[in-house]
Each structure stands twice: as structure tokens, then as C-alpha cells.
Amino acid sequence: MASGILRSLSNSARRGESVYQHGALESLLRDELLATTFDQLKVPFQCVATDIDSARETWFDSGELVPALLASSALPPSIRPW
């Protein structure tokens, strides 16, 4: 992650959507996860993300794992983490 708020804002302005790119995290998840879908997991799992358009939570418990995990780990620049 970039250090400093000015650097983060600069990165966000340059990219247009988010402060950080998810390419490295996506590669890590695809390389390390043994399952590719929720159905392949041995233990039931759910994760949640915020739908930016509706400002509502969206729960994931089926389908592909990686897109759900990326959505759940997203750090939009307009929402403070506290």
C-alpha cells in the first residue's frame, strides 16, 4: 500500500476508481486457494462487500471465490475505514 495520503490520492486520481490495484492480490488468491468456488469449500464460508451504488451490504456465499474476496477486500477512496 502506498504510504501517505497525498500519494494515495494521487494514485486514485491517476487510476480513476480505486487507491490500490488488486492484481497482486488476485494472483495470490488464484495461486494459493485450493477451491475456486464456494461450493468446493469444505467449511461453509460467506463474505460481505459494500455495493457503492446503493450503499448497501452485499453478501457472497455462492459462485466464484476470487471476485467475492476481491470485492470484500476493496478499499474505495471515498470511504474511510473507521
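As a reminder, the structure under discussion sits directly above these lines.
Residues numbered from 1 in each chain as written. Predicted model: local features only at pLDDT ≥ 70, side-chain atom pairs only at ≥ 80, totals over all residues. Heavy atoms only, no water.

(A) Expanded view of the overall build of the chain. The helix and strand tally for the chain stands at three helices and two strands. Sequence-ordered secondary structure for the chain, helices as α and strands as β, is α-α-β-β-α. For the chain, the residues scored as buried account for 17% of the 82 residues in total. Excluding contacts between residues fewer than 6 apart, the proportion of contacts in the chain whose partners are at least 24 apart in sequence is 48%. Taken as a whole, the chain presents about 6600 Å² of accessible surface, with 55% of it coming from carbon and sulfur. (Helix = DSSP H or I, 4+ residues; strand = E, 2+ residues; numbered from the N terminus. Buried < 20%, exposed > 50% of the residue type's maximum accessible area, 1.4 Å probe, protein only. Contact = heavy atoms within 4.5 Å. Areas by Shrake-Rupley, 256 points an atom, 1.4 Å probe, with all protein chains shown as cover.)

(B) Fine view of the nonpolar core. Formed by Leu 29, Ala 35, Phe 38, Cys 47, Leu 65, Val 66, Ala 68, Leu 69 and Leu 70, the largest nonpolar core amounts to nine residues. When sequence neighbours within four positions are dropped, the list of residues in contact with Ala 68 reads Phe 38, Cys 47 and Phe 60. (Core = buried A, V, L, I, M, F, W, Y, C linked by side-chain atoms within 4.5 Å.)

(C) Up close: the pairing of strand S2 (residues 56-60). In terms of strand pairing, strand S1 (residues 47-51) meets S2 through five bridges, oriented antiparallel. When the bridges of S2 are listed, Cys 47 appears paired with Phe 60. Following S1, the chain reverses through four residues before pairing antiparallel with S2; Ala 55 in that reversal takes a positive phi of roughly 60°. (Pairing = 2+ DSSP bridges.)

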